[in-house]
Amino acid sequence: MISLDTIRERLGVADEFTESGGVCWLAVGKASVRDVAAVMNSCEARFITITAYQLMGNDGLRLEYHWDLCGRLLGFSFLLAGNSIDSIFDLCEAVDWIEREIHEEYSVEFLGRAYEPLLLREGDAPGVNLREEFAK
Amino acid sequence: MSYKIPMGPYHPALEEPYKLDLICDGETICDAKLHIGFNFRGIEHLAETRNYIQVVALMERVCGICSFIHTLTLCQAMEKLTGHAPPPRAQYIRVIMGELERLHSHVLWAGIAAKLMGFKTMFMTCFEIREKVMDILQAISGNRVNYSMNRIGGVNRDIEDPAAVLAMVEALEKEMAHTVIPIFTTSTTARSRCAGIGVLSHEKATSCGVVGPNARASGVPQDLRKSAPYAAYEQMEFDVPVQPDGDVRARLLVRALEIMESCKILRQALAKLPPGEISTGDAKLVFTPGTATSRVEAPRGEVMYSVSWKENSRNPSRVHVRTPTYVNMPAVRWMVLGARLADTPLIQASIDPCYSCTDR
């Protein structure tokens, strides 16, 4: 089994993993979401899901990517600059539906991939489900 | 010439609504597109408007079959935020309820699969056995579907007479060992309808992130009860059945073997049920602001909840649910490629889909 230190080294991160709420979190610094996906693939980690959070006021959105490494839950958090982030669909097929769902629920653009029609509420405008300002 | 055949959202071969657009060349399927959302209820959004008691009742309704598992996962996440670890007896009762729910789910699925195979007698047998599983669940919880068993810091109802429940489980195990298991593993009908059909390779199962019995039927030895044990699973001895073939028959065999493993776990948990309290009591709960995550091995595979709390709030600020069918469903596209149109209902049913969970 690949150790957490190996993951840090591959991502070029000096900080340690910290455990909180059942997840081992790593602040990845300058590493991108695609760097993380590539390292997770190299470790044969299993993608679980992305959880989106709308932050207070105008602070935007945070996406948390969860991966399973031999039963250990790893988490990587990314603050969105604007409304977009790189897609990892070409690196990890399993993200397809959750990227499309977050696009629909929070109006986040996942760059570098084509979108099929909306997943849960076909025909409605993106962001109507969970994003507060869109719901109003 | 290829042509498109829409199946669903409301179709006799589907137990719940979803839509499959099949692109066919003659009787052979060349491609498929899946459409979900027909059961969308906005439950994640609703959860933000419910307090910590109400949200348990709400999430119990994400799924009609895995209702216990959903509240277990939610409560485990909320227990991390409140620091209320359940007492040992409650942990054992959670294992017992979880395994009974697995039996219920697998036997129900076996009945539906039998019906789709054209094996109606077996459908009747499975549903008769399912009734007996539900009788045990009712004897413990007082309910047949939404059990209201979980709470933050434990469970709501005790198992006062484990010997009586054990006798019911042993009778059930005997009946399954003499009917369901041999018929599904040896009958010519089951073999001819399921072998070599709807194959999901090990590579595709891994790249799609497939979970639960579907992953194990494609040779992926993955089970959270072993790799990340929760409740009292660390104290249980059981095997994780794995089959390499990835076809409908492998998925059938994995679930059949899992039924026997569940009975094994139930016997151990009921025999070793420790004395003591079943919850941490009615003290006021204080939530630490932040996010907690919990995962549980549901009958269909891994369920994950992320729950966030803000300071001094009675309601969660975010509840995200990742259900097993959500990751298993996209793999149906790969299972039906090259299959005969007539096999599609059985192939899609072989993943034991739950659209209610998927849509939330």
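Our subject is the structure listed above.
As the structure is a prediction and not an experimental result, all values here were calculated from the model.

The rules behind the values
- Residues numbered from 1 in each chain as written.
- Chains lettered and ligands numbered in written order.
- Predicted model: local features only at pLDDT ≥ 70, side-chain atom pairs only at ≥ 80, totals over all residues.
- Helix = DSSP H or I, 4+ residues; strand = E, 2+ residues; numbered from the N terminus.
- Rg over C-alpha atoms; globule rule 2.2 N^0.38 Å.
- Buried ≥ 20, exposed ≤ 12 C-beta atoms within 10 Å, placed from the backbone.
- Axes fitted to C-alpha atoms, helices over the stretch in contact; angles between N-to-C directions.
- Left-handed = near helix turned anticlockwise from the far one by under 90°.
- Contact = placed C-beta atoms within 7 Å.
- Nonpolar A, V, L, I, M, F, W, Y, C, P; charged D, E, K, R; others polar.
- Parallel < 35°, antiparallel > 145°, perpendicular 65-115°, else oblique.
- Pairing = 2+ DSSP bridges.

> Would you mind going over the overall build of chain B with me for this structure?
In terms of regular secondary structure, chain B is built from 16 helices and 8 strands. The C-alpha radius of gyration of chain B comes to 20 Å, within 12% of the 21 Å expected for a compact globule of 360 residues. Sorting the 360 residues of chain B into buried and exposed places 53% on the buried side.

> Before we go on, may I ask you to explain the packing of helix H3 (residues 67-82) of chain B against helix H4 (residues 88-117) of chain B in this structure?
Residue and element names in this part refer to chain B. In contact at an axis separation of 9 Å, H3 and H4 are set at 145° when each is read in the N-to-C sense. The hand of the H3/H4 crossing is left-handed. Contact residues: Phe68, Ile69 and Leu72 in H3; Arg94, Met97, Gly98 and Glu101 in H4. Residue classes in the contact of H3 with H4 are distributed as 4 nonpolar, 1 polar and 2 charged.

> Explain the packing of helix H1 (residues 4-11) of chain A against helix H2 (residues 33-42) of chain A here, please?
What describes two packed helices is the angle between their axes and the distance between those same axes. Residue and element names in this part refer to chain A. One way to put it is that H1 packs onto H2 with a least axis distance of 10 Å and a crossing angle of 140°. Judged by the inter-axis angle, H1 sits oblique to H2. Both H1 and H2 take part in a crossing whose hand is right-handed. Contact residues: Ile7, Arg10 and Leu11 in H1; Asp35, Val36, Val39 and Ser42 in H2. Here the contact of H1 with H2 is built from residues that sort into 4 nonpolar, 1 polar and 2 charged.

> What is the right way to read the sheet that holds strand E8 (residues 316-322) of chain B from this model?
Two pairing modes exist for strands in a sheet, parallel and antiparallel, and in both the strands are linked by backbone hydrogen bonds. Residue and element names in this part refer to chain B. One open sheet holds the 3 strands; their spatial order is E6-E7-E8, and the pairing between them is antiparallel. Looking at the sheet topology across the chains shown, the edges are occupied by strand E6 (290-298) and E8. Strand after strand, the sheet turns through a mean of 15° between neighbouring axes, direction not considered. As paired elements, E6 and strand E7 (residues 301-309) share 9 bridges and run antiparallel to each other. Across the sheet, the residue bridging to serine 294 is tyrosine 305, located in E7. Docked against the sheet, H3 engages E6 and E7, running at close to 150° with respect to E6.

> Looking at this structure, how should I read unusual backbone geometry?
Glycine aside, residues mostly have negative phi, and peptide bonds are mostly found in the trans state. Residues and elements named next belong to chain A. Positive phi, close to 60°, is recorded for glutamate 44, a residue that is not glycine. By secondary structure assignment, the location of glutamate 44 is in the loop between H2 and strand E3 (46-54). By the C-beta count within 10 Å, which is 11 here, glutamate 44 ends up exposed. Non-glycine residue cysteine 70 carries a positive phi angle of around 50°. Assignment of secondary structure puts cysteine 70 in the loop between strand E4 (61-69) and strand E5 (72-79). Judged by the 13 C-beta atoms lying within 10 Å of it, cysteine 70 is partly exposed.

These results come straight from atomic positions and should not be treated as a statement about function.
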